[in-house]
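Observations on the three-dimensional arrangement
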Amino acid sequence: MMEVGSSGGKSNCNRMSDAKNERRVGLIYDQRMCKHRTPYGDDHPEKPDRITVIWNKLELAGIPQRCVILNAKDAKDEYICAVHSKNHVNLIRNISSKEYSKRNRIASKLNSIYLNEGSSESAYLAAGSVIEVAEKVAKGELNSAFAIVRPPGHHAEYDEAMGFCLFNNIAIAASFLLDQRPELGINKILIVDWDVHHGNGTQKAFWSDPRVLFFSVHRHEFGSFYPANFDGFYTMVGEGPGAGYNINVPWENGRCGDADYLAVWDHVLVPVAKEFNPDIILVSAGFDAAVGDPLGGCRLTPHGYSVLLKKLMDFAQGRIVLALEGGYNLDSLANSALACMEVLLEDKPISELSEAYPFESTWRVIQAVRQVLSAYWPTLADKLPTKLTDQKAPPHILLSSSESDDEDDEASKIISKDLVQAIEDVVEPISKLKIEDNHDEVNSALWRSKLSKTDIWYASFGSNMWKSRFLCYIEGGQVIGMKKLCSGSVDRNPPKETRWKAFPHRLFFGRDFTQTWGPGGVAFLDPRSNSEDKAYVCLYKITLEQFNDVLLQENVPDHDMNSPLFDLNALDSILNEGSIPVEAVKRGWYHNVVYLGKEDDIPILTMTCPLSVIESFKSGEIPLCAPSKDYADTLVRGLVEGKQLSEGDATTYIQVASTKPL
């Protein structure tokens, strides 16, 4: 007889139906996990209502009455210590008994963490609950289960609580199955993390472990989205025996929805899962990629989640455990959780998604992931057909986080079914759009055709001095040391000619981190000339159309290009004015176009920061910083291959530029 427990003070639910064909689905919910709340009673995205609203939604739908309701149990320290340090376990165990002021001081030193008198109990119950359902599914007592727990866990690292997470619940459960219960025969675990944030803690827990295939699809934006590092980039594939068993799919922007996630499932996760053949699947089920979530900014619908989960049920004989992670729009959270429970119970057939297409950036990321992982998973070696990747949403629909304004605007409100349908209608196949209605594409074609007839010299003083690096902006791709893939120009013809010159401008290095190169400064050119200064510059003869695409990629890669950033009128004006700030990309670091003279009667243009930013560098408001080794090596390659300096002299040139005061 299967056990039926209580749910933290709620009455026992009816036993599961005796129907032979109904799945045995476990459910854990305990109101004691609501005791973890902000110490001052302030509102917070990770609040107790997150789990109560799910439970209430499931009750209204009659879900618990059809499930095996399990009792939440505290996790044992020995199980938690398989993932976390003893110091961390002691801290969380004792944190609720500490004095109020000391508890707050500890929380203030952690990243996005609050603590109160209920935090210890909640954290132990959350970890213990995931262990409980995972063990019963592994034993075969349940087909699948959902642990409605908080605080969440996937950000928690070996010795640190962060990102609302105290213990890494899913990692603790996986470790328990592999190491504490070998008799269960669980030798291979697939962890799927569909929370909108990267599961950095889970990744690190199994970085070198081939028994765990960790898959995380998340909003990343080249390291600028929480947890704001490069751990979630697609090049992070694991190491040693675990190389290839860590798969990251990092979205370049927000607003990704059902079509984007389904494309990743079909062309990355599902093929690899077939090869891996897991014994059980654990899902870090964050619902903050859902429509209307104030922190996520993506657009997964409840139906989208149900399709993703249904595809996972084809593996491991449907042995799946969902553990709640994020999700901060209560309506979307509850609706998405209900949709997933209906899948676990096999309530109804799940139809495929609409004809909406993924964003172009989604295909780019998928192809990059497949390329990197193909060395480990032969099923990913084949290139996706152009006929498939050409099916993409119009680019003017796309907004990144940097352009999404306040995250609590329209995207934070639950979107009605009518609006969801409207969104799907907008991103219908491009082939169905009438050209006379698509004014944006027509306008783009017109200005591009016009500017393609005018040549300019693009003057590069930084990493673009190495031609291979510059061609990333023309042909797309990336070179060694780059963390970010370039989309390239619309016109991918190489430069018509390359020359070198020296100009009386000061080269220096500023900022301390870039999305493309990671930690370290990048090159800037003082717009003012000075006869005492000397900067080596590589000149590329390209069209004004291509210059616009380079200007875009150097600043705001997702800007709407229905009109040019720098047109013929601007070209005429700069001959007199000397420099022109490009307002459309003024948030970028290189939005000041500077005129450096002419070569063969063709204007020489470069891009750098405006004078106001030079003053900020001088005052220390914006840091001056030496370049990273990868970035410096790229400059050296350019100077050496361009036959301007020897390797030693090029290195000295860069060192002087990075140490000499402004």
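Please refer to the structure placed before this passage.
Because the structure is a prediction, the values reported are computed rather than measured.

Points about helix H17 (residues 568–577)
When we look at burial in H17, the residues that qualify are Ala 570, Leu 571 and Ile 574. The buried residues of H17 occupy an angular sector of 100° when the element is viewed end-on, so they sit on one face. More than 90 degrees from the buried face of H17, the exposed residues found are Asn 569 and Asn 576. Packing partners of the buried residues in H17 comprise strand E9 (455–460), helix H16 (544–555), strand E16 (579–581), strand E17 (592–599) and strand E18 (602–608). Between the side-chain oxygen of the N-cap and the backbone nitrogen of Asn 569 there are 3.2 Å, and the N-cap of H17 in question is Asp 567. Downstream of H17 by one or two residues, Gly 578 has phi in the positive range, about 90°.

Digging into the nonpolar core
By size, the foremost hydrophobic cluster in this structure holds 133 residues, and its most contacted members are Trp 194 and Trp 265. Considering every element that reaches this core, the biggest residue donor is helix H5 (residues 119–139), with 11 residues. Residues Ala 459, Phe 503, Met 561 and Leu 645 belong to the second largest nonpolar core, which totals 71 residues.

Some details on the packing of helix H3 (residues 86–94) against H5
As a packed pair, H3 and H5 sit with axes 7 Å apart at the nearest point and diverge in direction by 125°. Relative to H5, the element H3 is oriented oblique. Every residue of H5 that contacts H3 at Val 89, Ile 92, Arg 93 and Asn 94 is listed here: Ser 120, Ala 123 and Tyr 124. Here the residues of the contact of H3 with H5 sort into 4 nonpolar, 2 polar and 1 charged.

Some words on the packing of helix H1 (residues 49–60) against helix H10 (residues 330–344)
In the contact formed by H1 and H10, the axes pass within 9 Å of each other and the chain directions differ by 50°. Taken together, the axis directions place H1 and H10 in an arrangement best described as oblique. Remark: the crossing between H1 and H10 carries right-handed chirality. Across the interface between the two elements, Asp 49, Arg 50, Val 53, Ile 54, Lys 57 and Leu 58 from H1 touch Leu 330, Leu 333, Ala 334, Asn 335, Ala 337, Leu 338 and Met 341 from H10. For the contact of H1 with H10, a count of residues per class yields 9 nonpolar, 1 polar and 3 charged.

A few points about the sheet that holds strand E10 (residues 497–503)
With respect to topology, 6 strands assemble into an open sheet ordered E10-E15-E9-E18-E17-E16, the strand pairing being mixed. A strand with exactly one partner marks an edge of an open sheet, and here the two such strands are E10 and E16. The mean angle between the axes of side-by-side strands here comes to 30°, regardless of whether they run parallel or antiparallel. In this sheet, strand E15 (residues 535–543) lies alongside E9 in antiparallel orientation, the contact comprising 6 bridges. By the bridge assignment, Ala 459 is partnered in E15 with Leu 539. In the packing of H16 onto the sheet, the strands contacted are E9, E15, E17 and E18, and the crossing angle to E15 comes to about 125°.

Considering the packing of aromatic side chains
Inspection of the entire model under this criterion finds 27 aromatic pairs. Measuring from ring centre to ring centre gives 4.9 Å for Tyr 29 and Trp 55, while their planes differ by 10°; the resulting arrangement is stacked. Of this pair, Tyr 29 sits in the loop between strand E1 (25–28) and H1 while Trp 55 sits in helix H1, and the two are 26 residues apart along the sequence. When sorted by exposure, Tyr 29 lands in the same class as Trp 55, which is buried. Judged by centre distance (5.5 Å) and plane angle (55°), the ring pair of Trp 194 and Tyr 305 falls under tilted. On the criterion of sequence distance, the pair formed by Trp 194 in the loop between strand E4 (189–193) and helix H7 (200–205) and Tyr 305 in helix H9 (residues 302–312) is long-range, its members being 111 residues apart. The residues Trp 194 and Tyr 305 share a single accessibility class, namely buried. Each residue in the set Tyr 458, Phe 470, Tyr 540, Phe 547 and Phe 566 is aromatic and connected to the rest through ring pairs, giving one cluster. The side chain of Arg 637 reaches across the aromatic face of Trp 466, ending 5.0 Å from its centre.

Considering helix H8 (residues 258–276)
A maximum bend of about 40° is found in H8 at Trp 265. Two residues or fewer after H8 comes Asn 277, characterised by a positive phi angle close to 55°.

Comments concerning the environment of Phe 230
For Phe 230, the position within the fold is in the loop between strand E5 (212–219) and strand E6 (246–251). For Phe 230, a relative accessible area of 12% translates into the label buried. The contacts of Phe 230, once residues within four sequence positions are left out, are His 220, Phe 222, Gly 223, Met 236, Lys 483, Phe 513, Thr 514, Gln 515 and Gly 518.

Quick word on the sheet that holds strand E3 (residues 144–147)
Pairing in this open sheet of 8 strands is parallel, and the strands run E2-E1-E3-E8-E7-E4-E5-E6 from one edge to the other. Every other strand in the sheet has two partners, leaving strand E2 (68–70) and E6 as the edge strands with one partner each. Taking the axes of each pair of neighbouring strands and ignoring which way they run, one obtains an average angle of 15° across the sheet. For E4 and E5, the ladder comprises 5 bridges, and the chain directions are parallel. Of the residues in E5, the one forming a bridge with Ile 191 is Phe 214. The strands that H1 touches are E1, E2, E3 and strand E8 (320–324); relative to E8, the one it contacts most, it runs at about 130°.

A word on unusual backbone geometry
Pro 151 follows Arg 150 through a cis peptide bond whose omega is 0°. Tracing the backbone through its elements, the reader meets Pro 151 in the loop between E3 and helix H6 (169–180). For the bond from Tyr 226 to Pro 227, the omega torsion is 10°, close enough to zero to count as cis. Topologically, Pro 227 is positioned in the loop between E5 and E6. Notably, Glu 221 is not glycine yet its phi reads approximately 55°, a positive angle. The residue Glu 221 is located in the loop between E5 and E6 in this model. Positive phi outside glycine occurs at Ala 316, with the angle close to 55°. Relative to the assigned elements, Ala 316 resides in the loop between H9 and E8. Note on Ala 316: relative accessible area 9%, which makes it buried.

Thoughts on the pattern of salt bridges
Taken as a whole and assessed by the stated rule, the structure comprises 32 salt bridges. Two residues, Glu 121 and Arg 32, come together in a salt bridge whose shortest N-O distance is 3.9 Å. Placement of the pair is Glu 121 in helix H5 and Arg 32 in the loop between E1 and H1, with a sequence separation of 89 residues. Residue classification places Glu 121 among the partly exposed residues on the basis of a relative accessible area of 27%. Of the charged contacts, one joins Glu 252 and Arg 364 as a salt bridge, the two residues approaching to 2.5 Å between their closest N and O atoms. One end of the pair, Glu 252, is in the loop between E6 and H8; the other, Arg 364, is in helix H11 (residues 360–373), with 112 residues separating them in the sequence. Using a relative accessible area of 14% as the deciding quantity, one classes Glu 252 as buried. Judged by its relative accessible area of 14%, Arg 364 falls in the buried class. Here the salt bridges do not stand alone but share partners, grouping Glu 497, Arg 499, Lys 501, Glu 599 and Asp 600 into one network.

Basis of the calculations
- Residues numbered from 1 in each chain as written.
- Predicted model: local features only at pLDDT ≥ 70, side-chain atom pairs only at ≥ 80, totals over all residues.
- Heavy atoms only, no water.
- Buried < 20%, exposed > 50% of the residue type's maximum accessible area, 1.4 Å probe, protein only.
- Helix = DSSP H or I, 4+ residues; strand = E, 2+ residues; numbered from the N terminus.
- Arc of directions from axis to C-beta.
- Contact = heavy atoms within 4.5 Å.
- Polar contact = N/O pair within 3.5 Å; in protein donor to acceptor, adjacent residues only side chain to side chain.
- Core = buried A, V, L, I, M, F, W, Y, C linked by side-chain atoms within 4.5 Å.
- Axes fitted to C-alpha atoms, helices over the stretch in contact; angles between N-to-C directions.
- Parallel < 35°, antiparallel > 145°, perpendicular 65-115°, else oblique.
- Nonpolar A, V, L, I, M, F, W, Y, C, P; charged D, E, K, R; others polar.
- Left-handed = near helix turned anticlockwise from the far one by under 90°.
- Pairing = 2+ DSSP bridges.
- Phe/Tyr/Trp six-rings, centres within 6.5 Å; stacked < 30°, edge-to-face > 60°.
- Lys NZ or Arg CZ within 6 Å of the ring centre and 35° of its normal.
- Bend = angle between axes of the 7 residues up to and from the residue.
- Salt bridge = Lys/Arg side-chain N within 4 Å of Asp/Glu carboxyl O.

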